[in-house]
Amino acid sequence: MSVSMKDLDPAFRGSGQKDGLEIWRIENFKPVPIPASSHGKFFMGDSYIVLKTTALKNGSLRHDIHYWIGKDTTQDEAGTAAILTVELDAALGGRAVQYREIQGNETEKFLSYFRPCIMPQPGGVASGFKHVEVNAQDHETRLYVCHGKHVVHVKEVPFARSSLNHDDIFILDTESKIFQFNGSNSSIQERAKALEVVQYIKDTFHEGKCDIASVEDGRMMADAEAGEFWGFFGGFAPLPRRAPAEGNEKHEETAFKLLCFDQGKLDPVNYESLAHELLETNKCYFLDCGAELYVWMGRNTSLQERKGASEAAEKLLSDSNRTKTHIIKMIEGFETVTFKSKFKEWPQTPDLKLSSEDGRGKVAALLKRQGLNVKGLMKAAPAKEEPQSYIDCTGNLQVWRVNDKDKALLSSSDQSKFYTGDCYIFQYMYPGDDKEECLIGTWFGKKSVEEDRITAVSLASKMVESTKFQAVQARLYEGKEPVQFFVIFQSLQVFKGGLSSGYKKFIAENGIDDDSYSEEGLALFRVQGSGPENMQAIQVEPVASSLNSSYCYILHDGNTVFTWTGNLTTALDQELMERQLDVIKPNTQSRSQKEGSETDQFWSLLGGKSEYSSQKMVRELESDPHLFSCILSKGNLKVKEIHHFTQDDLMTEDVFILDCHTSIFVWVGQQVDVKVRLQALDVGEKFVVLDFLMENLARETPIFTVTEGSEPPFFTRFFSWDSAKSLMHGNSYQRKLAIVKGGGAPALDKPKRRTPVYSGRSTTQDKSQRSRSMSFSPERVRVRGRSPAFTALAANFESSSNRNLSTPPPVVKKLYPKSLTPDSSNTSSKSSAITALAGSLDRRTQTPTPESVKDGSESEKAKQEEDAKDSAATMTNRVESLTINEDAKENEPEDDEGLPIYPYERLKTTAADPVTEIDVTRRETYLSSAEFKEKFGMTKEAFSKLPKWKQNRLKIALQLF
């Protein structure tokens, strides 16, 4: 089948070659382009063709073609629209999915192009009617009914009391005021979405100049707005129960019917199991699912056969009076996910999503051999960019290893050394807007045991719950880590074996040799990464086949150390190898080996020469994101895709999943029940297993759970994000009503997010914002970026006599001085260091400081001066509290606020005998006044006046958060 643009109607030529929307109206059986200014305006007497072209991240173009049939259009125009749609698809290469849209029963995908709604007007070309612009002086009162939680179907109904009911939402459009009537059985989400229609009517038909009122079903005349509303209907009267609407088609759950269209005949296909093998490439098939009729066209069918199948589908529904059934047409190889999911199995086909020039050329050649026009395949080449982390890399990191149903805190020198047989929990605190952001995650080694994994998730979930779900939770597997994980750790080493008792028990019971890493043994490491802020050394099997020409390696056998440089490596790769060598084998002489000139001793350690790869391992690319609403009922997960989503689709009462293939985000609204919040990670795991997009999601795909109001930048980047919306109070309807009545988004007095120090090698990144030096000198020691407070703290902890203070200390164990776990270094000046820390934190609060804090700043300053003499002693206690002490004390009497008093050792998060039945988010309030002042260095009153971020930082340091 050969169709090119020059054989098409001139109106279609050049279409579908760039991202956007193109619309044609059928006039005298010809397509006539509609200007962009008129997109979304439809007339009931006309038929339209709508082409949506989407430029995907992989460089290809996706086409969706819709033909919209107005309720007053002629049968001939409707048929013309259907036939022209087939021709347009063929000219675009046969890759488009075609949808029939009937007025009043449009697909959600179609309506998503014209948010918040479409409101077809009377008239049309064929009928001779001309649309008359509404004049404000000649306003006609109209009543509309609205349906839909995510997109809104709007239909005009007779302006009469009998049109109202308890189940739906109605909009009464009068000359000076727009009323929204909320049926008592309507959902909050539907009410919120209907308000977007109210705003649209106000802007479109009232030039933005009219009042808006909301009326609740059952509200009596005592309410002024309700009284005014009912006055238009002759006064209030109870509404009867709604009778079933006429014309509603019920699609019962029946077995799917498969029909074969061949040589103009339509014959049923008998089958025991709906299998892909039933579809022959030289025929067309109908899959009748009741609410949808799918038309599948084999790749080897002709244009005339496809046109015939399209006409037969229209006739099939017309003869059975199924006017509401959607017709969805597709070509072999470009089936929709919903169509493929109807079959018992759908085989994996060659990926026709074009990811490179070579891939596009191969697919173009394939389609060209089959007689298709391939012009669009070579458009929109993808941009090659380094992945960005979208997370501030100057925060504080804590890491625990899971061991024997508990977690053990690692020292700063060990927190970047993971074992593939163990599980780890990490907590990363970093600056956000006006508060500290928190990321709590679990990392599962490839050979870790299931018992440790369950323990890790349980402990991490309790940590998230203790923050009132304000922390983002991550579930990560070795080998599938997202870039955020790597830039948090910056330098990571992954060793073979494990140290946990669970792993030791497992290998002992199964007779497996313990191959855990030993500094004195034989080990080979592959070095990888994108820069000093993102580099890893992964231990691999010490054999020649583990080598790869695209990487650098470190090989050691005790103190015999070799470095191996592949021929395809860069200067950066070699620099990263030198840096990792500083960690794995510091102060040890190494012998350099270049690929092709290795010594016999090198090969001997690897057991002799053998073939190895030269292809660089390519991590999966992030795909275009998809948003789903989720309902978890009795263990079953039901999802529904939200097309062309925006931030406003995230309803505070619901749970949503954002799928970008390389990561899964589970977003939980503030109004969601606590029991459902606790299941957020389970929702993500079920989504991964079920693989709703049939994209071969790996079980190890990273999962993040995000709570409304605490969205991290690496989530909000998928939206045009307005943080003020997520900080509003009330349910979705109350928030939207406040915006609509207020005339715009709420303006909250809130500091702007400071410029984040994102890691990554962006060409636009200011060097001064990077977390650490990007110098490639192997002698220069790399350290995590420091805030001013911790710079002051570290300067007092470290000895200044052995080095130049302008450079970081040349000690590997000090690689991350901002860890909250202090090493056993010089602590003689801890008190003065903490004083400097507190002073630095105080200086930070000066911009911008809430009035309540400003009022107390002078008295607090005086108090600090008064306590200056003993501040060193009190601050020493605060530093010492960073270690985990598990001694218990006796309970104390109540304080002057009426709360019970408990000793500090029992209130810590790591207490051996923890206090129960307290508010775990306010542990500090249960300290006596004397012990509170001893630990915090200030009174409870002074502490309460500090900003939240500073309170949290002090609580974290004292193990009270």
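Keep in mind that what you see is a predicted model, and the values were worked out from it rather than measured.

On to the overall build of the protein, then. Across its full length, the protein holds 25 helices and 32 strands. Looking at the protein as a whole, 53% of its 961 residues are labelled buried. Within the protein, contacts between residues at least 6 apart in sequence are counted, and of these 67% link residues at least 24 apart. Put simply, the protein shows about 44500 Å² of open surface, and 49% of that area lies on carbon and sulfur atoms.

Okay, the pattern of salt bridges next. Under the criterion given, the structure shown has 38 salt bridges. Residues Glu 451 and Lys 405 are paired through a salt bridge, measuring 3.1 Å at the closest nitrogen-oxygen approach. Here Glu 451, found in helix H8 (residues 450–466), pairs with Lys 405, found in the loop between strand E16 (396–403) and strand E17 (406–409); they are 46 residues apart in sequence, far enough to count as distant. A salt bridge links Arg 475 to Glu 685; the shortest N-O distance between them is 3.5 Å. Here Arg 475, found in strand E21 (residues 472–477), pairs with Glu 685, found in helix H14 (residues 680–690); they are 210 residues apart in sequence, far enough to count as distant. Assessed through its relative accessible area of 2%, Arg 475 is described here as buried. Note on Glu 685: relative accessible area 27%, which makes it partly exposed. One salt-bridge network, held together by shared partners, links Arg 115, Lys 193, Glu 196, Asp 648, Asp 649, Lys 725 and Lys 736.

This brings us to helix H4 (residues 224–231). Within H4, burial applies to Ala 226, Gly 227, Phe 229 and Trp 230. For H4, the angular spread of the buried residues around the axis is 160°, confining them to a single face. Packing partners of the buried residues in H4 comprise strand E8 (169–173), strand E9 (177–182) and strand E10 (211–216). N-capping of H4 is provided by Asp 223, with a side-chain oxygen placed 3.0 Å from the backbone N of Glu 225.

Here we come to the sheet that holds strand E7 (residues 153–157). What the 5 strands build is an open sheet, ordered E7-E6-E8-E9-E10; its pairing is mixed. Looking along the sheet, the strands with just one partner apiece sit at the ends: E7 and E10. Across the sheet, the mean angle separating the axes of adjacent strands is 25° when strand polarity is ignored. The sheet contact formed by E9 and E10 spans 6 bridges and is parallel. In the sheet register, Asn 182 faces E10, and the bridge partner there is Glu 216. Along the sheet, helix H17 (residues 732–742) contacts E9 and E10; its crossing angle with E10, the most-contacted strand, is approximately 155°.

The strand order across the open sheet built from 10 strands is E2-E1-E3-E4-E5-E15-E14-E13-E11-E12, with neighbouring strands paired in mixed fashion. Of all strands in the sheet, those bounded by a partner on one side alone are strand E2 (30–33) and strand E12 (265–268). Here the strands of the sheet are splayed against their neighbours by 25° on average, with no regard to which way each runs. Taken together, the 2 bridges between strand E5 (residues 97–102) and strand E15 (residues 326–331) define a ladder with antiparallel strand orientation. Its bridge partner being in E15, Tyr 99 is matched across the sheet by Ile 328.

Criteria and thresholds
- Residues numbered from 1 in each chain as written.
- Predicted model: local features only at pLDDT ≥ 70, side-chain atom pairs only at ≥ 80, totals over all residues.
- Heavy atoms only, no water.
- Helix = DSSP H or I, 4+ residues; strand = E, 2+ residues; numbered from the N terminus.
- Buried < 20%, exposed > 50% of the residue type's maximum accessible area, 1.4 Å probe, protein only.
- Contact = heavy atoms within 4.5 Å.
- Areas by Shrake-Rupley, 256 points an atom, 1.4 Å probe, with all protein chains shown as cover.
- Salt bridge = Lys/Arg side-chain N within 4 Å of Asp/Glu carboxyl O.
- Arc of directions from axis to C-beta.
- Polar contact = N/O pair within 3.5 Å; in protein donor to acceptor, adjacent residues only side chain to side chain.
- Pairing = 2+ DSSP bridges.
- Axes fitted to C-alpha atoms, helices over the stretch in contact; angles between N-to-C directions.

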